[in-house]
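Inside the fold
Here's the letter readout for the chains.
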Amino acid sequence: QLVVCGQLTDQCVESAVRDAADLGYLVTVIEDACGANSEDAHLKGLHGMKGFARRVKTEQVLRELSGANNGASATKNDGRRLPRDPIDNTSSAILTGSHVISIPKPSEHPNNKDQGSQVAILRSLRAAGVKFLRYAIVDAYNTIRCKAVPLPCTMQLLASRTQRNSSASSGTPLDNPTSIAEVCFAGLPTHADVLVPSSNLSARNVLTLKPDLESLRVLPYAPRTAMIMCTAHDQLTNELSPLCTRGLLKRVLHEASQGMGLELCVGAELEFQLFYSDAKCGFPQPVDATTFANAVTLNEREDFISAVYDQLGEQDIPIELIHAESGPGQLEVVLRYSNNAVQLADYVVLARETISACAKKYGMKALFLPKTSSTTAGNGLHLHFSFRDVRSSSDNSFSDSTQTTGISRRGESFIEGILDHLPSLLSFSLPTNNSFRRIGPGCWTGSALGWSTEDKEVPVRVCLDLITQEATNVELKLCDATANIYLELAMILAAGMEGIKKGRKLRPMATDATSEPLPQSLQESLDLLKNDEFLLSILGPELSTAYIAVRESEAKNEKSLEEEVMDAFHKA
């Protein structure tokens, strides 16, 4: 039994409680012996331990401990008796002739559910015609890096581990069949696998890939392959790597739910342009020259759009809306709003891959490049945010109709947190030289620091429900698909969370007179990031050093717009 009292609001204490519960300890929290500074902090601390510990008064614990010392058994909240001696609970003794065999009690019989699920998953994939299992990560600069393990090899590896009676069956199914060099996570630029020395990374260390079963998908455009998204871990200690951006997003979300009692919700609007796959006249040509919400693109590209919709559906990626955008050959796919930000990020990665594959099948190439022409609209990846208080019955804690703005106080603080760090955040949401070609006055992206309601010319826009006219979420328009979506979401959400924790007061709505200019280049944003102590603390020293070094090397590698388009076209 673990008895906890004192500073119940400390994160280390909460982590110890959860770890002890996972190891099988009975965890007892003495709720009237807490050293928190306030009632609110006290309740938050208790909430963070909910589901992992029982909460009792000091008097009850003293009675139980006194009874145990006198040889009596303590009693759990559910009425079951606690053992008076831990040794008695470890095994039963069976006398066989002159030998004593110790076996676990029935309640402690090992349960190999994970081992069974591994076998079931692999057999199901084999029955579906899958030959390869692709383990994938997205590096800090938005390159998908993966390795395909033949399914028979995976099954053979699983069988050999089981025969050796290794600890594999107690871990996550299909754990650690492959690894990728540490430098590939944050030390290589997007244009080539050439190490940036100032990243402080090397090829000496490798990180093992631990798959997230929830992300497992059979790829409709490559039906003999299944792909699973992974987190990266130290191969010796198995600890999550500080270079893993998917892991960073998970850590931010854990703090939101456990530390702040908030469920963060995210939506995404993915824009791209379709070009004929053969570059006539030596330069890529868009498939049409239509305008916003025009029916021509929907009519002429219906087979392609239908194929994208079907293939995303096969991967359980829900689509809310598809329409033509302002640029030539441009479409927007709106992904359904989600209360699982990591899953939404997976959807963005998988949707981008699916759209590209479908475009090739229909003789086209899909370009997500932020700007393909100086005279037409660019491609963004607008992100929407809201949150829900897990202790409230309300579905949306972002809105509050009693407020003048229609936004709750925490919602206002969330927006202010983003605005406060937005100049530095652009180094994550607009992470390339080409990204900054897309923004400017009249581009519907916002080019000055500020917020407003339903104004498409500000970077931070509060959206209203079409029926009730209540504020539902906040949209950040200064984002595009060249960003690592996991890293981008982690940093934006962390900035909003800091605003809530500090109770920041939302500045007035933007006007031409009050708006401050935003960075005009990637290098300018990176320079501001270097002095943003909060964002650097979220990144950590290893990832911040590598990220700034590599992005600065890319910022210096300037190309013309035509060269950028041709590079993107050849890679598509």
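The structure contained in this document is the topic of the report that follows.

What counts and how
Residues numbered from 1 in each chain as written. Predicted model: local features only at pLDDT ≥ 70, side-chain atom pairs only at ≥ 80, totals over all residues. Heavy atoms only, no water. Phe/Tyr/Trp six-rings, centres within 6.5 Å; stacked < 30°, edge-to-face > 60°. Helix = DSSP H or I, 4+ residues; strand = E, 2+ residues; numbered from the N terminus. Buried < 20%, exposed > 50% of the residue type's maximum accessible area, 1.4 Å probe, protein only. Contact = heavy atoms within 4.5 Å. Pairing = 2+ DSSP bridges. Axes fitted to C-alpha atoms, helices over the stretch in contact; angles between N-to-C directions. 1 Å grid on protein atoms, 1.4 Å probe; cavity = no way out; pocket = protein on both sides within 12 Å on 5 of 7 lines; lining within 4 Å. Points joined across faces, edges and corners; volume = space filled by probe spheres on them. Nonpolar A, V, L, I, M, F, W, Y, C, P; charged D, E, K, R; others polar. Parallel < 35°, antiparallel > 145°, perpendicular 65-115°, else oblique. Left-handed = near helix turned anticlockwise from the far one by under 90°. Polar contact = N/O pair within 3.5 Å; in protein donor to acceptor, adjacent residues only side chain to side chain. Salt bridge = Lys/Arg side-chain N within 4 Å of Asp/Glu carboxyl O. Expected span 1.5 Å × (residues − 1).

Attention now moves to the packing of aromatic side chains. What the rule picks out here adds up to seven aromatic pairs. An angle of 55 degrees between the planes, with centres 5.8 Å apart, marks the rings of Phe387 and Phe414 as tilted. One end of the pair, Phe387, is in strand S16 (residues 381-389); the other, Phe414, is in helix H11 (residues 409-429), with 27 residues separating them in the sequence. No difference in accessibility class separates Phe387 from Phe414, as the two residues are buried. On the basis of an interplanar angle of 25 degrees and a centroid distance of 5.0 Å, the ring pair of Phe428 and Tyr547 is categorised as stacked. Here the residue Phe428 occupies a position in helix H11, and Tyr547 occupies one in helix H15 (residues 541-556), the gap between them amounting to 119 residues.

Once that is clear, we can look at the side chain of Thr432. Following the sequence through the fold, Thr432 ends up in the loop between H11 and strand S17 (448-449). Apart from the residues within four sequence positions on either side, Thr432 is in contact with Thr482, Leu522 and Arg551.

Quick look at the sheet that holds strand S2 (residues 27-34) now. Across a sheet, paired strands are connected by hydrogen bonds in the backbone, their directions being either parallel or antiparallel. One open sheet accounts for three strands, arranged S1-S2-S3; its pairing is parallel. Two strands lie at the open edges of the sheet, namely strand S1 (2-6) and strand S3 (54-56), each paired on one side alone. Across the sheet, the mean angle from the axis of one strand to that of its neighbour is 30 degrees, orientation sign disregarded. Sheet topology note: the S1/S2 ladder contains four bridges and is parallel. Note that in S2 the partner of Val4 across the bridge is Val29. Strands S1 and S2 of the sheet are contacted by helix H1 (residues 11-22), whose axis makes an angle of about 170 degrees with S1.

Evaluation of the coordinates by the stated rule reveals three cavities of 30 Å³ or more. Space inside the largest cavity adds up to approximately 70 Å³. Every residue lining the largest cavity is counted, 13 residues in all, and those nearest its centre are Ile137, Val138, Cys244, Thr245 and Arg246. Where the lining of the largest cavity is concerned, the elements lending two or more residues are strand S6 (132-138), strand S11 (225-234) and helix H7 (245-260). If you tally residues by element for the lining of the largest cavity, the top one is S6, at three residues.

This paragraph deals with the layout of surface pockets. A probe as big as a water molecule, rolled over the atoms, marks out the empty space that is left. A volume near 1,200 Å³ is recorded for the largest pocket. Lining the largest pocket are 37 residues, with Asn142, Thr190, Thr482, Ala568 and Lys571 sitting closest to its centre. Sort the elements by how many residues they give to the lining of the largest pocket and helix H10 (residues 341-361) lands first, with five residues. Residues of the lining of the largest pocket, tallied by class, amount to 16 nonpolar, ten polar and eleven charged. Approximately 1,000 Å³ is the volume attributed to the second largest pocket. The wall of the second largest pocket is formed by 40 residues, among which Glu269, His384, Lys456, Arg461 and Glu475 lie closest to the centre.

Take the pairing of strand S14 (residues 330-338) next. Among the nine residues of S14, seven are classified as buried, and the element is accordingly described as predominantly covered. Pairing of strand S12 (residues 262-276) with S14, which is carried by seven bridges, proceeds in the antiparallel orientation. Residue Glu271 lies in a different strand from S14, and its bridge partner there is Glu332.

Our focus in this paragraph is the packing of H11 against helix H13 (residues 522-529). What describes two packed helices is the angle between their axes and the distance between those same axes. Between H11 and H13, the least distance of the axes is 8 Å, while the angle of their chain directions is 120 degrees. Between H11 and H13, the angle is such that the two are oblique. As for how H11 packs across H13, the hand of that crossing is left-handed. Listed contacts from H13 to Pro423, Ser424, Leu426, Ser427 and Phe428 of H11 are Leu522, Ser525, Leu526, Leu528 and Leu529. Across the contact of H11 with H13, the residue classes break down as seven nonpolar, three polar and no charged.

In this structure Tyr547 comes out as buried when scored by relative accessible area, which is 1%. Sequence spacing of Tyr547 and Pro189 is 358 residues, and the spatial spacing of their C-alpha atoms is 9.6 Å. Tyr547 has contacts with Ala140, Tyr141, Ser427, Phe428, Pro431 and Leu487, leaving out every residue within four places of it along the chain. Of the polar contacts made by the side chain of Tyr547, one reaches the backbone oxygen of Ser427; its length is 2.6 Å.

What follows concerns the pattern of salt bridges. Opposite charge on two side chains permits pairing when their charged atoms draw close. Taken as a whole and judged by the stated rule, the model has 22 salt bridges. The salt bridge involving Arg461 is made with Glu454; its shortest N-O contact spans 2.6 Å. On the basis of relative accessible area, Arg461 is assigned to the buried category, the value being 10%. For Glu454, a relative accessible area of 34% corresponds to the partly exposed category.

Residues separated by three or four positions in an α-helix point in the same direction, a consequence of the helix having 3.6 residues per turn. For helix H12 (residues 485-501), built from 17 residues, the straight-helix expectation of 24 Å at 1.5 Å per residue is met to within 8% by its first-to-last C-alpha distance of 24 Å. Positive backbone phi, approximately 60 degrees, marks Gly503, located one or two places after H12.

Within the secondary structure, Asn294 sits in the loop between S12 and helix H8 (295-300). Of the residues examined, Asn294 reaches a relative accessible area of 24% and is grouped as partly exposed. With 32 residues separating them along the chain, Asn294 and Ser326 place their C-alpha atoms 8.6 Å apart. A distance of 2.9 Å separates a polar atom in the side chain of Asn294 from the backbone nitrogen of Val296.

Quick look at the side chain of Arg551 now. Mapped onto the fold, Arg551 is located in helix H15. From its side chain, Arg551 meets the backbone oxygen of Pro431 in a polar contact 3.4 Å long. Ignoring any residue separated from it by four or fewer positions in sequence, one finds Arg551 in contact with Ala140, Tyr141, Thr190, Pro431, Thr432, Thr482, Leu522 and Leu526.

Compared with the 30 Å implied by 1.5 Å per residue over 21 residues, the 30 Å span of H10 between its first and last C-alpha is a close match. Of all the 21 residues making up H10, 17 are buried; the element is thus mostly covered by neighbouring parts of the structure. Near the N-terminus of H10, the side chain that reaches the backbone nitrogen of Val342, with its oxygen 3.3 Å away, is that of Asn340. One or two residues past the end of H10 sits Gly363, with phi positive at roughly 70 degrees.

Everything listed here is a matter of coordinates, which is why it stays silent on function.
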